[in-house]
Structure formats: C-alpha cells, structure tokens
Amino acid sequence: MEADVASKIKDLREKIRYHENRYYVLDDPVISDQEFDSLIQELTELEEHHPDLITPDSPTQRVGGKPLDSFKKVRHSEQMLSLANAFSREELIDFSRRIYRQLDESEVVFIVEHKIDGLSAILKYENGLFVQGATRGNGIIGEDITANIKTIKTVPLKLSEEVDLEVRGEIYIGKEDFSRLNARRLENGESTFANPRNAAAGSVRQLDPAIAAARPLSLLTYSLVNVTGQTVETHFEALQLLQDLGFKVNWHQKCRDIEEAAVLCQEWTEKRDELPYEIDGMVIKINNLSQREELGATAKSPRWALAYKFPAKQKTTVVKYIVVSVGRTGALTPTAVLEPVEIDGSTVSRATLHNEDEIRKKDVRIGDHVLVQKAGDVIPEVVKVIKDKRTGEEQEFVMPHVCPECGGEVAREDGEAVSRCTNVTGCPAQIREGILHFVSRNAMNIEGVGPALIDQLLENDLIFDYADLYYLQKDDLVSLERMAEKSASNVLEAIEDSKERPLFRLVFALGIRHVGEGAARVLTEKYYSLDELRSASEEELMELEEIGPTIAESIRNFFNEPHNQQVIDKLKEAGVKMEEDGQEQTEKKLAGKVFVFTGSLDGYTRNQAKEIVLEMGGEVTSSVSNNTDYVVVGEKPGSKLDKANKLGVKTLSEAKFKELVGNK
Ligand code: AMP
Ligand code: ZN
C-alpha cells in the first residue's frame with residue numbers, strides 16, 4: 001500500500017515538474033490551468049495523508065518554513081565580480097581591440113545578452129536538488145535567501161539530471177506584474193515601489209517567505225559557474241545545458257564580431273520597451289571559456305565581458321509647483337509641475353506624486369531639485385529629492401482640506417493613503433471624470449464623445465450625469481459651438497449604438513469603485529442582468545473567487561445610493577441593454593486563437609489591438625510559443641518575429657490583421 005502511494009506521489013511530482021517547466025520556463029503550457037491545479041491538489045492531499053513522504057523538492061513545498069530573524073551569511077565559492085561599463089559604440093570597439101591584442105588569436109565569438117535590471121543571485125544544486133540561494137552581497141559574502149528563492153516558480157527545485165552545479169541569474173519583477181503590484185499597494189494604502197528593481201530587491205529581502213511568495217518574482221539564469229560530470233567549452237553550450245536541465249535562460253545571441261554586437265545593442269536600445277521586463281543595457285561576453293580563462297579579470301570585473309549601458313531614463317529637474325486633481329472616485333492626486341526636461345526622446349513637464357504619504361515619504365517640496373524617471377508608457381515619477389541642492393526656500397506641500405474643484409469636504413478614510421472629495425454626487429470633477437470613463441473605449445466606447453464635448457455639454461447644462469447622454473437631441477448638439485449637423489448626427493448615432501454593448505462593458509462603465517474591467521467580466525459570468533447584480537448581497541458576491549470584501553462592499557454601496565439608482569433607471573428607460581443575450585457568442589470569431597504583437601502598429605495602439613482580439617474571443621500573450629496562432633508584425637519588430645519564424649508560427653501584417661478583425 002505505502003509503496004503504491006509512494007509511487008503515485010513520485011509520478012505526480014514528475015508530471016507537475018514537467019508542466020511547471022512548460023508553463024513557467026518555456027511559456028508553452030500543454031494543459032489548462034485547471035488541469036494543472038487539480039494535479040497539485042491531488043498531490044497536496046496525498047501528502048497530507050502521508051506527511052512522512054513529503055520531501056523538500058516537492059512542488060508543494062515552495063512556500064514553507066517560519067519567518068527568519070535574520071539572513072545567514074554565505075561565502076561565495078568564487079567572487080561575484082561586477083561588469084565594466086561602456087556607453088558608446090567606440091567603447092565596444094576598444095573592448096574588442098583589447099581582447100584581440102591579448103589573445104593573439106584571430107577568432108573570437110561574442111554572445112550578446114540582455115542586462116536585466118534586477119539583482120543577481122547564485123543558486124546551488126546538489127544531486128540535482130536545489131539546496132541554497134544567495135544574494136551577491138559584497139561579492140565575497142552574500143545572504144542566504146534560499147527560502148525566498150524557492151518561492152520563484154521559474155526556479156526548478158529538481159533538475160532533469162542529478163548533477164551538482166552553481167548557476168547565476170537575475171531576480172526581477174516583470175513590467176506587468178510590477179504595475180499590478182503597485183496598483184494593489186496603492187489601493188491598500190501601502191507605499192508604492194519606485195521601479196521593478198526596487199520592488200524585487202525589497203521582496204527578496206523579506207524575512208517571511210510567505211510574503212516573498214506573494215510577490216511576483218521571476219528569475220532568469222545567465223551564467224553557469226560550475227557543474228559536475230559535463231564538459232562545457234563555450235558559454236553558448238553552458239546556456240543550452242542550463243535550459244536542458246530545466247532553467248529559464250536569459251535571451252542571448254551569437255555574434256561573429258563586435259560590429260554585429262554593436263548593431264544588436266543599438267537595436268535593443270530602441271526596442272527595450274517591448275520586452276516584458278526592464279533591461280538597463282546589454283552584456284557582451286566572450287563565448288569561448290578557455291579564452292575567458294586566458295583573459296582573466298581585474299580586481300573588479302572580468303576582462304572577457306562588458307556591460308553596454310543604455311542612456312538613462314532619469315534626469316534631474318526642478319519642481320515648480322504642485323497641483324491637485326480630482327479623479328472619478330474623488331481621489332485627490334497631487335502632481336508635480338516640473339521645469340520641462342527631455343527624457344528618452346520626449347519632454348516631461350509633469351510627474352505624479354501619487355498621494356500625500358508618498359510626498360511625505362520622499363519629502364518632496366515645492367522648489368526642490370528632483371530626480372525624475374520615465375519608463376515605458378508609465379506616467380513619469382519623482383524618484384527622489386536631491387537634498388544637497390536645497391536652499392531653504394523650498395516650501396512643504398499641504399493637502400487641501402476642501403476639494404479644489406467643488407469646495408466639498410475632503411476626507412481620508414482609516415487605512416487609506418488617498419484623500420477624497422466626499423461630495424460624490426455633486427462634485428463636478430467627479431461627474432466629469434465619471435462621464436469620461438463611461439464613454440471610454442473599454443467601457444461604452446462612444447466614439448466622438450471626448451473631453452471637449454463633455455465639457456461643453458456640462459457647461460451648457462445639457463447633461464448632469466452619463467445617463468443624460470441618451471436623452472440628447474440633435475438641436476441640443478447643434479446649438480453648441482463648433483458642432484456641425486453632420487457631426488451631431490454622428491455623435492447621436494454613436495450614442496445610440498452604445499446601447500447594445502455587452503453587459504460587462506456596462507457594469508464597468510458605471511464606475512463602481514474597485515470594479516475594473518476584470519471584475520466586471522467575472523460578475524457578468526454569474527449575473528446575466530444588471531437587476532440580478534443589483535439585488536445580490538455582499539455574501540453572494542463574495543462567493544465569486546475574485547470578489548473580495550472590499551469590492552463586494554463597494555458594489556452594495558453603489559447600488560444602495562439613491563442617486564445611482566436614479567441614473568440606472570434613466571439608462572434603462574432610454575433602452576440601454578441591461579442583460580446578457582446570446583449575441584456575443586456569434587461575434588466570437590477569434591475564439592481560442594492566441595495572438596502575439598511585435599513592433600508598433602500604424603492604425604492601432606497595442607491596447608486597442610489587444611482589446612479587439614479579446615472582444616472577438618481571442619487571447620493575447622506576450623511571448624511566442626507553439627501555442628501561438630498568429631504573430632502580428634508591426635514596424636520595427638522584435639525578437640518575437642525571429643521566434644515565430646523559427647517555430648513556423650503564422651505571421652500577419654497590419655493590413656492582414658485588419659482584414660481578419662473585419663476592419664475594426
Ligand atoms: P553592474 O552592477 O553594473 O556592475 O553589473 C553587473 C550586474 O549586472 C550583475 O551583478 C548582474 O546583477 C547584472 N546582470 C544582468 N543581466 C546580466 C547578464 N546577462 N549577465 C551578467 N550580469 C547581468
Ligand atoms: Zn469635489
């Protein structure tokens with residue numbers, strides 16, 4: 001009996017390991033999430049009944065152990081050096097010249113890699129089992145973060161072969177994971193992280209592995225330090241071996257000379273925003289390991305590698321003043337108005353300060369010199385104050401006690417970082433933002449009704465809330481400045497069309513606090529009409545896995561508010577569709593199809609293209625795998641195109657994509 005169970009457990013673990021590798025390492029799952037979860041559950045149950053059979057390498061043991069009092073110190077088997085830097089093509093060429101001079105050889109192959117902006121770690125395996133993970137520390141002694149590294153899903157707990165090895169890699173948090181993490185923290189009134197690197201560093205240094213487990217850490221390996229029983233002659237082979245053993249390996253490409261490497265560095269300088277993780281440069285390494293040996297190292301860094309650093313996405317400037325704007329939910333958001341600076345090709349003149357606590361924490365004052373950062377498509381942020389430059393003339397910011405838009409009372413709820421205008425139904429800023437949200441693309445998508453028109457309508461008392469849009473007459477519109485007959489008709493038509501949007505769009509459009517698009521979808525999978533949703537109790541709502549107490553309470557409060565009831569009744573009377581009907585099904589032409597986008601499109605933003613695919617029932621992922629059905633190729637495509645060609649995945653030009661989605 002016991003033997004049967006043991007073999008069943010062994011079987012399950014092998015299966016799970018295989019699927020973990022497919023999912024996390026290869027980005028190419030072959031079973032559904034539910035099937036995977038049920039394997040885990042089966043194993044967990046068996047282990048619960050047979051605790052003696054639990055081993056530390058079991059996939060169920062990623063989060064374990066008590067919080068530590070402090071980290072143990074670890075002496076590295078070999079010093080972890082840093083990398084020499086280069087900032088220009090000339091410096092790359094100098095690097096190559098030095099190498100040729102020292103090596104006395106005509107053939108040198110380079111490997112170019114992404115320089116991931118995280119923190120380095122070293123992982124040790126014995127007999128194929130993960131035994132220890134450490135930070136770099138001062139290069140000689142680091143900290144033992146084994147328990148936290150175990151929680152990272154891309155780290156195999158058991159390798160495909162029983163070797164002893166040491167491997168280095170970078171711990172990081174991906175861009176999407178980072179924005180979700182920060183959004184959640186902001187919502188919970190916690191301070192936000194300045195960038196993914198800080199978030200990763202803070203998470204790795206958690207003494208409680210359960211906290212680390214809740215942070216979306218990833219790890220990519222980039223260097224094999226040593227391994228038993230294998231002969232490895234080049235870095236390229238080493239990376240291949242790591243991949244075969246079950247590691248996720250950093251992007252890399254072979255180059256025959258430094259010119260080729262320089263071209264790659266230039267290309268990635270332009271394309272880096274497309275990657276799902278932040279890179280701050282490229283690393284150029286000599287491929288041949290015996291050549292590396294010959295070159296050796298200086299006290300600080302190896303002579304066989306070089307970090308090519310991208311131009312900074314941070315600059316210093318001055319805070320001219322701080323303005324406060326009022327959002328749809330009444331949140332007062334302070335924004336620094338800056339002396340304009342050019343960062344990474346665009347002019348930055350404003351940076352978000354998030355909320356009062358953030359301002360206090362960073363101690364930003366009016367007149368301060370600050371370091372500003374712009375990364376990807378996110379709103380520029382103040383990273384820190386340059387306190388050395390203070391003259392004493394700087395002024396502290398005071399959060400207004402009344403709403404700058406309506407004079408209403410401002411309150412800050414317990415445990416929240418955000419101050420809000422409490423005049424929910426009467427604050428013009430909240431009403432305006434609420435209407436803007438209602439008509440926005442992911443909500444009711446009413447084209448032609450933008451901020452300018454909404455302002456005009458509000459100023460002329462033609463609307464007081466979003467439901468009033470459906471009662472507008474042509475004369476109302478024509479009476480406005482700069483509004484021709486033709487455009488008035490178009491606007492009315494767009495408003496009329498929007499009455500037929502799927503229910504989840506309407507639920508999202510209502511602007512219920514905490515109910516984003518995702519929650520709206522989840523809700524309408526259970527409630528097929530707004531009336532059903534309107535009468536659901538908090539307890540019922542919380543039966544949905546994704547709906548927690550905060551969202552449930554917020555939904556109830558929203559529907560209990562008499563003003564909101566009136567607005568919804570007005571929507572209903574106007575004929576806005578308030579239930580799910582079979583129609584959406586027929587539109588789902590792309591059901592089951594998986595899309596990946598690379599390069600920039602002419603006629604759509606990434607988000608718009610993604611929305612269209614989702615709306616038509618398809619899926620969008622960020623990396624190409626055998627599961628991908630189409631790769632849509634825009635201007636300046638990235639490595640995803642190479643991968644698509646390698647795997648034989650169908651590629652679409654923008655024109656073909658447009659055709660496929662029916663010219664949307
Ligand atoms: P630096 O801290 O600027 O001296 O650069 C060295 C650091 O770059 C290493 O300690 C790693 O944390 C990091 N790094 C990121 N990507 C790579 C890579 N592909 N190869 C080597 N180091 C990398
Ligand atoms: Zn207000």
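What comes next concerns the included structure. (Residues numbered from 1 in each chain as written. Chains lettered and ligands numbered in written order. Predicted model: local features only at pLDDT ≥ 70, side-chain atom pairs only at ≥ 80, totals over all residues. Heavy atoms only, no water.)

## Describing the pattern of salt bridges
The final tally for this structure, using the stated rule, is 43 salt bridges. Between Lys 8 and Glu 42 there is a salt bridge, and its shortest N-O distance comes to 3.4 Å. One end of the pair, Lys 8, is in helix α1 (residues 2-25); the other, Glu 42, is in helix α2 (residues 33-49), with 34 residues separating them in the sequence. On the basis of relative accessible area, Lys 8 is assigned to the partly exposed category, the value being 38%. Taken together, the salt bridges that share partners define one network made up of Asp 363, Arg 365, Asp 368, Lys 387 and Arg 390. (Salt bridge = Lys/Arg side-chain N within 4 Å of Asp/Glu carboxyl O. Helix = DSSP H or I, 4+ residues; strand = E, 2+ residues; numbered from the N terminus. Buried < 20%, exposed > 50% of the residue type's maximum accessible area, 1.4 Å probe, protein only.)

## Remarks on a negative patch on the surface
Together, Asp 104, Glu 105, Glu 107 and Glu 294 give the surface a local cluster of negative charge. When you line up the elements, Glu 294 lands in helix α10 (residues 289-295). (Patch = residues over 30% accessible without salt bridge, like charges linked within 9 Å, V, L, I, M, F, W, Y side chains within 5 Å. Areas by Shrake-Rupley, 256 points an atom, 1.4 Å probe, with all protein chains shown as cover. Lys, Arg positive; Asp, Glu negative; His and termini not counted. Charge placed at Lys NZ, Arg CZ, Asp CG, Glu CD.)

## Details of helix α5 (residues 175-187)
In this model, α5 (13 residues) spans 18 Å end to end at C-alpha, consistent with the 18 Å of a helix rising 1.5 Å per residue. Those residues of α5 lying buried are Phe 178, Leu 181, Asn 182 and Arg 185. Each buried residue of α5 sits inside an arc of 95° when the element is viewed along its axis, so together they form one side. For α5, the secondary structure elements touched by its buried residues are β7 (165-173) and α6 (196-204). Two residues or fewer past α5, Gly 189 is found with a positive phi of approximately 75°. (Expected span 1.5 Å × (residues − 1). Arc of directions from axis to C-beta. Contact = heavy atoms within 4.5 Å.)

## Re the packing of aromatic side chains
Summed over all chains, the structure comprises 14 aromatic pairs. Pairing Trp 251 with Trp 268 gives two aromatic rings, centres 5.3 Å apart and planes at 65°, and the pair type is edge-to-face. Remark: Trp 268 occurs in helix α9 (residues 258-271) and Trp 251 occurs in the loop between α8 (235-245) and β9 (252-255); sequence separation between them is 17 residues. Residues Trp 251 and Trp 268 agree in their burial class; the two are buried. Between Phe 595 and Phe 657, the aromatic rings sit 6.2 Å apart at their centres with planes inclined by 75°, giving edge-to-face as the arrangement. Of this pair, Phe 595 sits in strand β19 (residues 594-598) while Phe 657 sits in helix α25 (residues 654-660), and the two are 62 residues apart along the sequence. Look at Phe 657 and you get buried, because its relative accessible area is 0%. These aromatic residues form a ring-pair network of at least three members: Phe 595, Phe 597, Tyr 604, Tyr 630 and Phe 657. (Phe/Tyr/Trp six-rings, centres within 6.5 Å; stacked < 30°, edge-to-face > 60°.)

## Regarding unusual backbone geometry
Residue Asn 127 is not a glycine yet carries a positive backbone phi of 50°. Among the structural elements, Asn 127 can be located in the loop between β4 (119-126) and β5 (129-135). One non-glycine residue, Arg 482, lies in the positive phi region at around 60°. Here Arg 482 lies in the loop between α14 (474-478) and α15 (485-497). Residue classification places Arg 482 among the exposed residues on the basis of a relative accessible area of 74%.

## Some points on the site of ligand 1
Of all residues adjacent to ligand 1, which total 14 residues, the nearest are Ser 82, Glu 113, Arg 136, Glu 170 and Lys 285. Relative to its free-state accessible area of 500 Å², ligand 1 is covered by the protein chains to the extent of 85%. Sorting the residues of the shell around ligand 1 by element identifies β3 (110-116) and β10 (279-286) as the ones contributing at least two each. If one sorts the elements of the shell around ligand 1 by residue count, β3 sits on top with 4 residues. Considering only residue class, the shell around ligand 1 consists of 4 nonpolar, 4 polar and 6 charged. (Near = heavy atom within 4 Å. Nonpolar A, V, L, I, M, F, W, Y, C, P; charged D, E, K, R; others polar.)

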